[in-house]
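Chain residues, written in single-letter form:
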Amino acid sequence: MVSRDGVRGKPRRCEVRAGVLEEGSLPIITKEPHMDFLELATKARTCRRFREESLPAGTLDWMVSCARVAPCGGNAQALRFAVAESPEACAAVFPALKWAAMLADWDGPEAGERPSGYIVIMGETGARGRLNAIDMGIAAQTMQLAASTRGLGCCIFLSFDPRLIREALGIPAELEPLLVMAVGLEKEVRRVEGPNPDGSLNYWRDAEGVHHVPKRPLEELLIIRR
C-alpha cells in the first residue's frame, strides 16, 4: 500500500470501541449496551411534521459525512451533496417538494412544523444513471438512520421540481438533483403495524395525528429458505 505521501507501508486499520472510531486495529464487536438495529430501522420512519427549531450546528455536514463513508458502486464516490440550512434557503426549497401522495387532503406541513434543513443528492447529468440510483439509495438510508440516532426525523423526496431546487441552491448545469431529504427535530408520532384490515398498505393518519405505516409480515417477504 502506498500512502498519500508516496511512502509504502502497512494499511491503516480502525477499531470501534464504545462508539468511538480509533485507528490502530480492525473493527471489533463489543458487548456494550446498544440499540438493536431492527429497533433503529423501525424508529427511523419517514417524518413529515417537525418542531421548527434550528438544527444543532454541523448536523447536516455530519449526516453527509456518514454518507461519505457508506458503500458505493466501484468506490467511485460520484455523488455530490448540497445543504440548505439558512431560513432563506429552506423557504426556497420547500415549495419544490410534493408531500405524501396517499394523504390526498394534505398539502404538507404548516408553518411551525416544517423541516429545518435539507440535503440534496446530486449526480452528473446523464452519467452512471443506474449506479447513481443505487448509490443515492444507500446514501439516503445511511443518513436517515444516522439522523434517527440523534432524535431527528427525515423525509426522502423523489417527487420534486428540479428547476426550483436548482434555482434555490445554485446547482451547476453539469449536476442533476436526484433526491431531496428534509431534516428536522421530529414531532410526528409514527407507528409501524401490520396491513390495514382490507389488506391494503396505504399509510394513514388518525384523528390524533398519529401516522400509521402498514408493513407486510416477514413470512410474506421471506419466501425461500434452503
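Refer to the structure printed above.
My aim in this report is to walk through the structure given alongside it, one point at a time. Values in this document were obtained by computation on a predicted structure and should not be read as measured data. Throughout, residues of each chain are indexed from 1 in the direction in which the sequence is written. Where local features are concerned, this predicted model is filtered to residues with pLDDT of at least 70; where side-chain atom pairs are given and counted, the filter is 80 or more; whole-chain, interface and lining totals use all residues. Hydrogen atoms and water are omitted, and side-chain values are computed over all heavy atoms in the structure.

## Examining the overall build of the chain
The condition that has to hold: Helix and strand assignments come from DSSP, with helices taken as H or I runs of at least 4 residues and strands as E runs of at least 2, each series counted from the N terminus. Relative accessibility under 20% of the residue-type maximum defines a buried residue, over 50% an exposed one, and the middle range a partly exposed one, all with a 1.4 Å probe and only protein chains included. Two residues qualify as a contact provided that any one of their heavy atoms is within 4.5 Å of a heavy atom in the partner residue. Areas reported as accessible are Shrake-Rupley estimates using a 1.4 Å probe. Residue values count occlusion only from the protein chains shown.
A tally of regular secondary structure across the chain gives six helices and 10 strands. Here the chain, with 226 residues, has 37% of them falling under the buried criterion. Within the chain, contacts between residues separated by at least 24 positions form 67% of all contacts whose residues are at least 6 apart in sequence. Carbon and sulfur atoms make up 55% of the accessible area of the chain, which totals about 14,300 Å².

## With respect to the pairing of strand β7 (residues 175-186)
In plain terms, the rule: In this scheme, strands are said to pair when DSSP sees at least two bridges between them.
Counting buried residues in β7 gives 10 out of 12 residues, a clear majority hidden from the surface. Both strand β3 (residues 50-51) and β7 contribute to a ladder of two bridges, which runs antiparallel. In the sheet register, Phe 50 faces β7, and the bridge partner there is Glu 186. As judged from the eight bridges shared by strand β5 (residues 117-124) and β7, these two strands associate in the antiparallel manner. Looking at the pairing, Ile 119 lines up with Met 181 of β7. Where strand β6 (residues 152-157) lies against β7, six bridges are found, and the strand directions are antiparallel. Residue pairing across strands places Phe 157 opposite Val 180, the latter belonging to β7.

## Comments concerning the sheet that holds strand β9 (residues 204-205)
Spatially, the three strands line up as an open sheet ordered β8-β10-β9, and their pairing is mixed. Edge strands, defined here as strands with exactly one partner in the open sheet, are β8 (190-193) and β9.

## Observations regarding the environment of Ala 173
Topologically, Ala 173 is positioned in the loop between α5 (162-169) and β7. With relative accessibility at 66%, the residue Ala 173 sits in the exposed group. In this structure the C-alpha to C-alpha distance between Ala 173 and Glu 124, which are 49 residues apart in sequence, comes to 9.0 Å. Leaving out residues up to four positions away in the same chain, Ala 173 has contacts with Thr 125 and Arg 166.

## Observations regarding the packing of aromatic side chains
Definition in use: Pairing of aromatic rings covers Phe, Tyr and the six-membered ring of Trp, with a centre-to-centre limit of 6.5 Å; geometry is then stacked below 30 degrees between planes, edge-to-face above 60, and tilted otherwise.
By the definition in use, this model includes three aromatic pairs. Ring centres 5.9 Å apart and planes at 40° place the aromatic pair Phe 94 and Trp 99 in the tilted group. Residues Phe 94 and Trp 99 agree in their burial class; the two are buried. Taken together, a centroid distance of 4.7 Å and an interplanar angle of 80° make the contact between Trp 99 and Phe 157 edge-to-face. Here Trp 99 is found in the loop between α3 (87-93) and β5, whereas its partner Phe 157 is found in strand β6, with 58 residues between them in sequence. On the accessibility criterion, Trp 99 (8% relative accessible area) is buried. For Phe 157, a relative accessible area of 3% corresponds to the buried category. Among the aromatic residues, ring-to-ring pairing joins Phe 94, Trp 99, Trp 106 and Phe 157 into one connected group.

## Re the pattern of salt bridges
What counts is decided by this rule: What makes a salt bridge here is a side-chain nitrogen of Lys or Arg within 4 Å of a carboxyl oxygen of Asp or Glu, nothing more.
According to the stated counting rule, one finds nine salt bridges in the structure shown. Between Glu 113 and Lys 187 there is a salt bridge, with the nearest N and O atoms lying 2.8 Å from each other. Here Glu 113, found in the loop between α3 and β5, pairs with Lys 187, found in the loop between β7 and β8; they are 74 residues apart in sequence, far enough to count as distant. Residues joined in a network through salt bridges with shared partners are Lys 43, Glu 186 and Arg 190.

## Things to note about the nonpolar core
Threshold: Residue types Ala, Val, Leu, Ile, Met, Phe, Trp, Tyr and Cys, when buried and joined through side-chain atoms within 4.5 Å, form a set referred to as a nonpolar core.
Counting residues in each nonpolar core, the largest one holds 26 residues, and the members touching the most others are Leu 97, Trp 99, Tyr 118, Val 120, Phe 157, Ile 165 and Val 180. The set of elements that each furnish at least two residues to this core consists of β4 (80-84), α3, β5, β6 and β7. The residues contacting Ile 165, other than those within four sequence positions of it, are Val 93, Ala 96, Val 120, Phe 160, Ile 171, Pro 177 and Val 180. Leu 79, Ile 119, Ala 139 and Met 143 belong to the second-largest nonpolar core, a separate cluster that totals 20 residues.

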